[in-house]
Amino acid sequence: MKHHRLLIILWLLSSAVWAQEGAGVSKSLREYLSDLSDHHNIEFSYLDQVIEDKFIEGDAAQSLSLPEMLVWLENTTRLRFEQIRDDYVVIRPFHSSDLVSLCGYVTDYSNEPLIGATVSYTLNDGGFTDGNGYFEFDSIPYGARLTIRSIGYLAKHLSVKNLSFTSCNKFRLGESVNVLEEVVISDYLAAGIHKNHNRVTIDPDELKTLSGLVEPDILQSIQQVPGVNSPYETAAGLHVRGGLPDQNLVLWNGIKTYNQGHFFGMISAFNPYITDKVTFIKSGTSARYGDRVSSVIDISTNQKPADRISGGVGTNMLYADGFLNLPVIPSKLSLQLSARRSFTDLVETFTYNQMADRVFQNTKISESISADRQSNNRFFFNDFTSNLIWKVNADNKLTINTLYNKNDLDFQLENTSTSQSYNDKLLNANEGYAINWKNQSSGPVSFDIDANYAKYILEYEFIITEADTTTNSSKKNLVREAGARLNGSYQLNDESSLTFGYHYSNNRTQYAYETAGSSYNLVLDADNTTINTHAGFLEYEFENDYLFVNPGIRVNHYKELGKTFFEPRLYVAKPLSKQISLSASGEYRTQVASQIKESVISDLSLENKVWALASSDRFPVIKSYQATLGSDYNNKGWHINLEGYRKQVMDVTTLTFGYLNPQDNAFRVGDSRIFGADLFVKKSWVNYETWASYSYIRTENSFTGLNNDEPFPGSWNIEHTVRWTNNYNIDRWSFSLGWLWHTGKSYTEVTEENSEGPVSIVYGALNGNNLPVYHRLDCSILYEFTANKFDHIRYRIGLSVMNLYNRRNLLNREFRTTPSLDNELIDTKVYSLGITPNLVFRVFF
């Protein structure tokens, strides 16, 4: 028995010694690489001075795969292991622009996790901590400065290169009074929508559900922001604080877009599943943005080369789409593709029919059902994008982007009793191309250069055939814009930076209204204008725990007009207490490209606006200024924001504002004055959040010689708007319920008086009446799942219903008379969508 005990003791001692030696063995990195080279049949290349004095403890990497081993070695040695080919690895010191992985926990000094803390490493890049105070970045520049902020706590500024890559870092923030609560609101309106000072950012990949939507529609998401209305229930028709849709600057990877909607604006023309981030600004606009006087919608796709194949496909009741991220050289060169097409010309679903009833009402398409009429309506839309991303080296990146979207309608109607036939053809398309080179060196200076080209085309034809006679009425609009931009930035210190740049654009815009018969061809109206714009800007940004200041200046010179405009911009935020902060902004902006409402009425009346450029003899340069003052309150899951503003848009025309009517169809120039306020209140719990917003807008327009030179309400004035939204997430389910209520928009009342002879038309006060109150209830449900817990393929199914209680809202009302001696008053009413369900099924891999 003693003999056996002695053997057991000796065995335990030898095992302990062996384990201790295995765990505590220390080798020089040179020796370790020699062993790994034999084990993995790989060659390492390095300078002797790079690896000297480097030692490896333990033998953890021997059991790892080659990619995992290289990551482990990088984290352990703080050296860059760059795999040039399958059997060859170069070892070098880290460059500032090399990307590393980083994770951490943010707590207060009592070790309580800080939920929703902002963790950023540039002005636009970063994230938020989760319910455990945890964050992670898969790729952050090695030379970046990390900033951690949380409401009511002192910020931390740290160098990434000094942090741990082998284990998660722990950061503790101390409380402070009267510290600027960098107004960064995680999940501002819903998951994936954040607010940083005056910027709202949308990450479609994080969006779970919004009421009434089954897809993360980009423009519909923006409509949730207080101060944004869509009087016609369209996605693309965004009226931001009383501005018009054509006054919004909409960029896609730096490409200016002139058509943002499919299905005549009912859904966004941008595929959300290849969109990385959307930045929306409605006040205090950065000086880098020009050529529009209302809001900015800056859409960008993922600019990081893919390291593996990923993508997705899906369908709803209107269209099918797919996208693919294809690494040509992993993490070095990749191609991103997307395509979407409606099947509305093949299958008419209930969702399509409901939207078609809304879109085609008061047109020949809706009036074509008759025993002696035969009709055929062929309509579809599609869009395609491609993005080539090449990481040339550690400091330089090249991207090439293309965009194309199209709406195509061909409606044919034949009257068998009269032998007449009608053919409406409508095409609008938007395409764009951009190439961008970005340099991010280890120093304080960075810059990017890009060249871009945008093209928009609208073609409408109305063809009447009777016997052997054919009459063709047409409308054409063509916009071609080429440009180049140079942007730079200089980091002065941890708290301040300068950005600057030069922008050039050449815009040529044409439109024409024509009618032609067998023996004549008349040009009713036409224009062909070119403007070259030279612009420069300078912007300064200062931010610490007590103040945020962002002043800037932009100078626009319009060569053909011989005019130069100086556009100052300013945004300031300052705390008053631990929970309350004040903000203020001011801006002056100009615009030379705008849409005019046609004076020649088309028979289809779907796309009744064309783009035109300012000129010395027709349309003046539109000018605008806006001043805002706001306050934020943040405390214990409550967020309250109140902001008031005054806005004036000068040198608008009756054509751009759509005031041509039988009462007064003269061309006039005037101003629009807008006063308003936005109130937002939100409360969040663990799985449930609810928010409500109220917006007040008062728009007054003045045109010389119109309405006795007295101001009158704007045509799109919706004075009071209320939204109430509820979001609930549990496990893999997401629920959203939202209610929208607003007063009716303004319109001019018209009545007729019967007497002997022609009907007498009596006009009321200009925009002196309002349509009935509008309200609707929307809901959405989404469920995400995988086939099994280890499956990397993810599935999503969803249901949405717009206008749940099927209210018939009146959206617009216009009057016109028939062109005859026995004139007749025609009252044209446009009604809202009825109850509109939609289904979605998607697969992500």
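Residues numbered from 1 in each chain as written. Predicted model: local features only at pLDDT ≥ 70, side-chain atom pairs only at ≥ 80, totals over all residues. Heavy atoms only, no water.

*Asks:* Looking at this structure, I do not really get the overall build of the protein. What am I missing?
*Replies:* Each helix and strand counted, the protein has 7 helices and 54 strands in total. Out of the 845 residues in the protein, the part that is buried amounts to 52%. On the protein, roughly 37,600 Å² of surface is accessible, and the fraction owed to carbon and sulfur atoms is 54%. (Helix = DSSP H or I, 4+ residues; strand = E, 2+ residues; numbered from the N terminus. Buried < 20%, exposed > 50% of the residue type's maximum accessible area, 1.4 Å probe, protein only. Areas by Shrake-Rupley, 256 points an atom, 1.4 Å probe, with all protein chains shown as cover.)

*Asks:* Help me understand the sheet that holds strand S9 (residues 134–141), please; the structure alone is not making it clear to me.
*Replies:* Sheet strands line up and pair through hydrogen bonds in the backbone, either parallel or antiparallel. Read from one edge to the other, the open sheet built from 3 strands follows the order S9-S6-S12, with strand pairing classed as mixed. Of all strands in the sheet, those bounded by a partner on one side alone are S9 and strand S12 (169–173). Averaged over all pairs of adjacent strands, the angle between their axes in this sheet comes to 35°, without regard to strand direction. When strand S6 (residues 99–108) meets S9, the two strands line up antiparallel, connected through 6 bridges. In the sheet register, cysteine 103 faces S9, and the bridge partner there is glutamate 136. (Pairing = 2+ DSSP bridges. Axes fitted to C-alpha atoms, helices over the stretch in contact; angles between N-to-C directions.)

*Asks:* Explain the pattern of salt bridges here, please?
*Replies:* A side chain with one charge may pair with a side chain of the opposite charge, provided their charged atoms come close. According to the stated counting rule, one finds 31 salt bridges in the structure shown. Taking the shortest distance from any N to any O, the salt bridge between glutamate 215 and arginine 842 comes out at 3.7 Å. Of this pair, glutamate 215 sits in the loop between strand S15 (199–202) and helix H5 (218–222) while arginine 842 sits in strand S54 (residues 836–844), placing them 627 residues apart in sequence. Residue lysine 682 pairs with glutamate 689 through a salt bridge whose shortest N-O separation is 3.3 Å. We classify glutamate 689 as buried; its relative accessible area is 12%. Several salt bridges converge on common partners, so that one network encompasses Arg241, Lys282, Glu643 and Asp678. (Salt bridge = Lys/Arg side-chain N within 4 Å of Asp/Glu carboxyl O.)

*Asks:* How should I be thinking about a negative patch on the surface in this particular structure?
*Replies:* Together, Asp125, Asp205, Glu206 and Asp276 make up a region of like negative charge exposed at the surface. Judged by relative accessible area, which is 35%, aspartate 125 ranks as partly exposed. (Patch = residues over 30% accessible without salt bridge, like charges linked within 9 Å, V, L, I, M, F, W, Y side chains within 5 Å. Lys, Arg positive; Asp, Glu negative; His and termini not counted. Charge placed at Lys NZ, Arg CZ, Asp CG, Glu CD.)

*Asks:* Mind showing me how you'd approach unusual backbone geometry here?
*Replies:* The phi torsion of most residues other than glycine is negative, and most of the peptide bonds are trans. Of note in the backbone geometry, arginine 241 takes a positive phi value of approximately 50° without being a glycine. Note on placement: arginine 241 falls in the loop between strand S17 (239–240) and strand S18 (249–252). You can call arginine 241 buried: its relative accessible area is 1%. Its identity is not glycine, yet phenylalanine 263 carries a phi of approximately 55°, on the positive side. Here phenylalanine 263 lies in the loop between strand S20 (261–262) and strand S21 (267–268).

*Asks:* What's the story with the side chain of asparagine 325 in this structure? I'm lost.
*Replies:* Here asparagine 325 is to be found in strand S25 (residues 319–329). Assessed through its relative accessible area of 15%, asparagine 325 is described here as buried. In terms of polar contacts, asparagine 325 uses its side chain to reach the side chain of glutamine 336, at 2.9 Å. Sequence-distant contacts of asparagine 325, that is, excluding residues within four places in its chain, are made with Ala306, Arg308, Ile309, Ser310, Leu335 and Gln336. (Polar contact = N/O pair within 3.5 Å; in protein donor to acceptor, adjacent residues only side chain to side chain. Contact = heavy atoms within 4.5 Å.)

By themselves, these figures tell us nothing about what the structure is for.
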